[in-house]
Amino acid sequence: MRFAGWPIITGLLLGLSLSLWLNLERLQNSRRSGGTDIHLGAWTNDGADWGPASYAEAVTNAAPAVVNIYTRKKLQRAYHPLLNDPLFRHFFNNSDQPQQERMQSALGSGVIISPEGYLLTNNHVIDGADEILVLLQDGRDGQATLVGTDPESDLAVLKIDLDNLTAIRIGDPNAAHIGDVVLAIGNPFGVGQTVTQGIISATGRYGLGINTYENYLQTDAAINPGNSGGALIDVQGNLLGINTAILDKTGFSVGIGFAIPADTAVKVMQDLVSYGQVVRGWLGIEAQQLTPELAQSLQLSATNGVIVTAIYNNGPAHKAGLRPGDIIQRMNNIVVSDGRLSMQQIAQGRPGDEITIEFLRQGKLEKVQAVLGVKPSKG
């Protein structure tokens, strides 16, 4: 019996052989001409490219704006208790011994944001430092002055007075997607400027307990001690974030690092330069997460929202008419999921901004307008 499908199979085999022959011919031609641009993606049916073979252009664009930071802190040397004994000091002639000091050094990274010499780094990099030295990629160095700090976001702004500074281009972290390739540039372990590569693993990370205000880009690009304050860039060399923390008890990178989004960092810098402090919106409430158990006890069908537990007298919420016990479900038509995220959303606003608050009071949905204020200073 003849098999009627032989002509079809023969045609498929001939087509496959021709395709393989064409791809091999193209590869051989490329090798003869010295070409190195053959990617595995060229072998797929749709001809898709799997990405560039090098990120050197991105590094060339961004690296001159990333600096190494070295700090020195004066510490009082501990005395032996006998040094306070008058008899001991008399016999050992220590009565006129001067106060002893020792220097503690630390290192980190920073990013030049403007040609005028303003740069961003982490607050924990320069906290308590008596001297701050900045080393540029081109080998120049200079003393930096501290413009201001924001411990609640772990950011600090420094100023250096050097000519011909290269400022980094600011990217859009809100347009970044999980899976995008990113590069981390910094000074890990003080070995010198180093570039590592990874992807964006997550966006909008918060609730980690690292800082008061958290909205991190998560990456698996290697971030180690000394990378703090350095740049997280995209494949065009644009700044996406300021590297700030890793999630590991050993202190070494295991592929879970966090960066403060560039737009948040730049806003903090602008406020510190203009006002000497960060200006954030403030609603004047304390709230508790609405858990499923709490929602059931209150006979609520929905579990999203926060319960107002306290109101600051004459604060924005108080003036708008909110009361303890109200359950806030939406702000500016955005569903309220938990208290920390809502605090982040409020803080991103400016004093004077008006927000619409939808809340439940005794089972009835109500709506008010509130005008954000300025959080009173603790002093």
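What you see is a predicted model, and the numbers here were worked out from it, not measured in a lab. Within each chain, residues carry numbers counting from 1 in the order of the written sequence. Side-chain atom pairs in this predicted model are given and counted only at pLDDT of 80 or more, local residue features only at pLDDT of at least 70, and totals for whole chains, interfaces and linings cover all residues. Only hydrogens and water are set aside; all other atoms, that is, all heavy atoms of the structure, feed into the side-chain values.

**Considering the nonpolar core**
One recurring pattern in soluble globular proteins: nonpolar side chains tend to sit buried together. Joining through side-chain atoms within 4.5 Å is the link that ties buried Ala, Val, Leu, Ile, Met, Phe, Trp, Tyr and Cys residues into a set, and such a set is a nonpolar core. We call a residue buried when its accessible area falls under 20% of the maximum for its residue type, exposed when it is over 50%, and partly exposed in between, using a 1.4 Å probe and counting protein chains only. Ile-69, Leu-119, Val-134, Ile-168, Ile-233 and Leu-239 are the most contacted members of the largest nonpolar core, which totals 41 residues. Secondary structure elements are taken from DSSP: a helix is a run of H or I of four residues or more, a strand is a run of E of two residues or more, and numbering for both begins at the N terminus. Among the elements that take part in this core, helix α5 (residues 262-275) stands out by supplying five residues, more than any other. Whether two residues are in contact is decided by their heavy atoms: any pair within 4.5 Å suffices. Excluding anything up to four places from it in sequence, Leu-239 contacts Val-111, Ile-113, Ile-168, Arg-169, Ile-170, Gly-171, Ala-231, Leu-232, Ile-233 and Ala-262. Judged by nonpolar contacts, the second largest core, of 17 residues, contains Leu-283, Leu-322, Ile-346 and Ile-355.

**Details of the pattern of salt bridges**
The salt bridge criterion pairs a side-chain nitrogen of Lys or Arg with a carboxyl oxygen of Asp or Glu, the two atoms within 4 Å. Within this structure, the stated rule accounts for eight salt bridges. With its nearest N and O atoms 3.9 Å apart, the salt bridge here joins Glu-131 to Arg-72. Highlighted residues: Glu-131 in strand β4 (residues 131-135) and Arg-72 in strand β1 (residues 66-76), separated in sequence by 59 residues. A residue is classified by how much of its surface remains accessible, and Glu-131, at 31% relative accessible area, is partly exposed. Among the residues examined, Arg-72 registers a relative accessible area of 36% and is labelled partly exposed. Glu-152 is the salt-bridge partner of Arg-280, the closest N and O atoms lying 3.4 Å from each other. Of this pair, Arg-280 sits in the loop between α5 and β14 (285-289) while Glu-152 sits in the loop between β6 (145-150) and β7 (155-159); the two residues are 128 residues apart in sequence, bridging distant segments of the chain. When salt bridges that share partners are traced, they join Asp-150, Glu-152 and Arg-280 into one network.

**Describing the sheet that holds strand β13 (residues 257-261)**
By way of backbone hydrogen bonds, the strands of a sheet pair with one another, either parallel or antiparallel. Paired strands, in this sense, are two strands between which DSSP finds at least two bridges. In spatial order, the strands read β8-β9-β10-β13-β12-β11; together these six strands close into a barrel with antiparallel pairing. Averaged over all pairs of adjacent strands, the angle between their axes in this sheet comes to 45 degrees, without regard to strand direction. Sheet topology note: the strand β8 (residues 181-186)/strand β11 (residues 231-233) ladder contains three bridges and is antiparallel. If you follow Leu-183 over to β11, its bridge partner there is Ile-233. Axis definition: a line fitted to C-alpha atoms, limited for helices to the stretch in contact. Angles are taken between N-to-C directions and run from 0 to 180 degrees. The sheet strands contacting α5 are β12 (239-246) and β13, and the helix crosses β13 at an angle near 55 degrees.

**Some details on unusual backbone geometry**
Its identity as a non-glycine residue notwithstanding, Asp-154 has a phi of 60 degrees, on the positive side. Examined against the element boundaries, Asp-154 turns out to sit in the loop between β6 and β7. A relative accessible area of 7% means that Asp-154 is categorised as buried. The backbone of Asn-333 sits at a positive phi, close to 65 degrees, despite the residue not being glycine. Checked against the element boundaries, Asn-333 lands in the loop between β16 (327-331) and β17 (334-335).

**Let's talk about the confidence of the model for the protein**
When pLDDT is averaged along the protein, the result is 82; 75% of the residues meet or exceed 70. For the protein, the element scoring lowest by mean pLDDT is helix α1 (residues 6-32), at 55; strand β3 (residues 118-121) scores highest, at 98. Here residues 35-47 is modelled with pLDDT under 50, and outside its nearest four sequence neighbours on either side it reaches 20 contacts, counting other chains as well. Per-residue confidence from the predictor is reported as pLDDT, which spans 0 to 100.

**What to know about the packing of aromatic side chains**
Centres within 6.5 Å are what make two rings of Phe, Tyr or Trp a pair, Trp counting through its six-membered ring; a difference in plane orientation under 30 degrees is then read as stacked, over 60 as edge-to-face, and the rest as tilted. Counted under the stated rule, the structure contains two aromatic pairs. Judged by centre distance (5.7 Å) and plane angle (45 degrees), the ring pair of Tyr-216 and Phe-258 falls under tilted. Here Phe-258 lies in strand β13 and Tyr-216 lies in strand β10 (residues 216-219), a separation of 42 residues in the sequence. Residue Tyr-216 is classed as buried on the basis of its relative accessible area, which comes to 1%. Note on Phe-258: relative accessible area 1%, which makes it buried. Seen from their ring centres, Trp-282 and Tyr-312 are 5.4 Å apart, and the 65 degrees between their planes marks the pair as edge-to-face. Within this pair, whereas Trp-282 is found in the loop between α5 and β14, its partner Tyr-312 is found in the loop between β15 (306-311) and α7 (316-320), the two being separated by 30 residues in sequence. According to the relative accessible area criterion, Trp-282 is buried, its value standing at 15%.

**Brief notes about the side chain of Ser-153**
With respect to the helices and strands, the residue Ser-153 is situated in the loop between β6 and β7. Here Ser-153 falls in the buried class, since its relative accessible area comes to 4%. The term polar contact refers here to a pair of N or O atoms within 3.5 Å; inside protein, the definition further demands a hydrogen-donor-capable atom paired with an acceptor-capable atom, and it admits residues adjacent in sequence only when both atoms are side-chain atoms. Polar side-chain contacts of Ser-153 include one of 2.5 Å to the side chain of Asp-150. Beyond its immediate chain neighbours, meaning those up to four positions away, Ser-153 contacts Asn-211, Tyr-213, Ile-260, Val-268 and Arg-280.

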